[in-house]
Amino acid sequence: MKAVLRTFVLIALAALAAPTLAEERWQTLPEPAPMPKPAESGYADVNGIGMYYQVFGSGEPVLLIHGGLGHGDIWSAQVADLAKDHKVIVPDSRGHGRSTRNAEPFGYDLMMSDYLALLDYLKVDKTALVGWSDGGIIGIDIAMNHPERLTRLFAQAANVTIEGVDPGVATNKTFGAYIARSGEDYARLSKTPTEYEAFVKQISHMWETQPSWTKKQLAKINVPTAIVTGDHDEAIKRDHTEYMASAIPGAKLVILENTSHFAMLQDPEGYNKAVRDFIDAK
């Protein structure tokens, strides 16, 4: 299992080919709509990097954390809905999108500290968190170590050990298309547009060994948590998702129908409803 994601990323980078037209919704990779105009945007100086962020709307805060290799603009459909009555914070993780990186090795604890520093910068004491893939992992890390910063956690397509990754992702066309699109977006958005392969190599070292959390660690989480997956997730094993939900006290298991790892793009209306049903619950 070790390095399977890294190998797959390099294969996808070499191919840079769009997948064949998919028949089922869960096999598609729709383009996100353009982001709404933010009320505020800029760069926060955190942990030696420039972390790009956008803020939309007003109300109870919600932090949206994207997945590996991506950027915050994937959340456009969620921003359009949530910003009606929430303050929605949408950053790019270190090295991703418009955010910069340095030579410090990637790690989920480091990325967690980036996000906590950003919340401090924005003077947000406590927030709901919606995290996808790496974003969900970062959310779980915050819930374990800094629960006082979260009201609720909606963690989609996350894993808590590297054994939770499905080896079949290495040959999945939809995931390959995502890798290719991410490279194109990186060239368009990044301050270092020619360094995608170097960035992939750097973050792949993290994926080879992290996360590695025990059931005992997960059992300490006291933040209201939803563990979420698409019913056709191509990257995370279903039994691993079910294990996570059983290991976190009181966690709710949410299965998004006819979707994969990219549920927020494939079914934005259903995804938004699932998010609201959880984070707005009284």
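Positions within a chain are numbered from 1, following the residues in the order the chain's sequence is written. Residues qualify for local features only when their pLDDT is at least 70, as the model is predicted, and side-chain atom pairs are given and counted only at 80 or more; totals for whole chains, interfaces and linings, by contrast, use all residues. To obtain the side-chain values, all non-hydrogen atoms of the structure were included, while hydrogens and water were left out.

1. What about the pattern of salt bridges?
At step 1: Put simply, a salt bridge is a Lys or Arg side-chain nitrogen that is within 4 Å of an Asp or Glu carboxyl oxygen. If you walk through the whole model with that rule in mind, you get 13 salt bridges.
At step 2: Between R25 and D267 there is a salt bridge, and its shortest N-O distance comes to 3.7 Å. One end of the pair, R25, is in the loop between α1 (4-15) and β1 (40-46); the other, D267, is in the loop between α9 (263-266) and α10 (268-279), and 242 residues separate them in sequence.
At step 3: When the shortest N-O distance is used, the salt bridge between R276 and D81 registers 2.7 Å. You can see R276 sitting in helix α10 and its partner D81 sitting in helix α2 (residues 76-82), a full 195 residues away along the chain. We note that R276, like D81, is buried.
At step 4: Taken together, the shared-partner salt bridges connect D81, K84, D85, R276 and D280 into one network. Going along the chain from the N terminus, every DSSP run of H or I of four or more residues is numbered as a helix, and every run of E of two or more is numbered as a strand. Exposed residues in this analysis have more than 50% of their type's maximum accessible area, buried residues have under 20%, and partly exposed residues fall in between, with area computed by a 1.4 Å probe over protein chains only.

2. Focus: the environment of K191
At step 1: Relative to the helices and strands, K191 resides in the loop between α5 (173-189) and α6 (196-207).
At step 2: The exposed category is assigned to K191, whose relative accessible area is 54%.
At step 3: Linking K191 and T100, residues 91 residues apart in sequence, is a C-alpha distance of 6.9 Å.
At step 4: Two residues qualify as a contact provided that any one of their heavy atoms is within 4.5 Å of a heavy atom in the partner residue. Apart from residues no more than four positions distant in its own chain, K191 is found in contact with Y43, R98 and T100.

3. Overview of the pairing of strand β3 (residues 60-65)
At step 1: With five of six residues buried, β3 is to be regarded as a mostly interior element.
At step 2: Strands are labelled as partners when DSSP assigns at least two bridges between them. Pairing of β3 with strand β4 (residues 86-91), which is carried by four bridges, proceeds in the parallel orientation. Residue E60 lies in a different strand from β4, and its bridge partner there is H86.
At step 3: When the strands point away from the viewer, a crossover counts as right-handed if the path from the first strand over the helix to the second runs clockwise. Handedness of the crossover is the feature at issue here: the chain leaves β3, passes through α2, returns alongside β4, and the resulting connection is right-handed.

4. Digging into the side chain of H96
At step 1: Inspection of the secondary structure assignment puts H96 in the loop between β4 and α3 (108-121).
At step 2: Residue H96 is classed as buried on the basis of its relative accessible area, which comes to 1%.
At step 3: Discounting chain neighbours no more than four positions away, the residues touching H96 are H66, G67, G68, L69, G70, F106, M111, F199 and I203.

5. Overview of the environment of Y121
At step 1: Its location among the elements puts Y121 in helix α3.
At step 2: On the basis of relative accessible area, Y121 is assigned to the partly exposed category, the value being 42%.
At step 3: The spatial distance from the C-alpha of Y121 to the C-alpha of D45 is 8.6 Å, given a sequence separation of 76 residues.

6. Observations concerning the packing of aromatic side chains
At step 1: Pairs were defined over the aromatic rings of Phe, Tyr and Trp, the Trp ring being its six-membered one, requiring ring centres within 6.5 Å. Orientation was assigned from the angle between planes: stacked under 30 degrees, edge-to-face over 60, tilted for the rest. Tallying each qualifying case throughout the model produces 13 aromatic pairs.
At step 2: Summarising the aromatic geometry, the rings of Y53 and Y121 are spaced 5.9 Å apart at their centres and angled 65 degrees between planes, so their arrangement reads as edge-to-face. Of the two residues, Y53 sits in strand β2 (residues 49-56) while Y121 sits in helix α3, which places them 68 residues apart along the sequence.
At step 3: Centre to centre, the rings of F175 and F262 are 5.7 Å apart; their planes meet at 50 degrees, and the pair counts as tilted. With a gap of 87 residues between them, F175 in helix α5 and F262 in the loop between β8 (252-256) and α9 connect regions that are remote in the sequence.

7. Here we look at the sheet that holds β3
At step 1: With respect to topology, eight strands assemble into an open sheet ordered β1-β2-β4-β3-β5-β6-β7-β8, the strand pairing being mixed. The sheet is open, and its two borders are formed by β1 and β8, each paired with just one other strand. Ignoring which end each strand starts from, the neighbouring axes of this sheet average 20 degrees apart.
At step 2: Across five bridges, the pairing between strand β7 (residues 225-230) and β8 is parallel. Bridge pairing links I227 to L253 in β8.
At step 3: Structural elements are reduced to axes, namely lines fitted to C-alpha atoms, with helices fitted over the stretch in contact, and the angle between N-to-C directions of any two is expressed from 0 to 180 degrees. On the sheet, helix α8 (residues 238-247) packs against β7 and β8 and is oriented at approximately 170 degrees with respect to β7.

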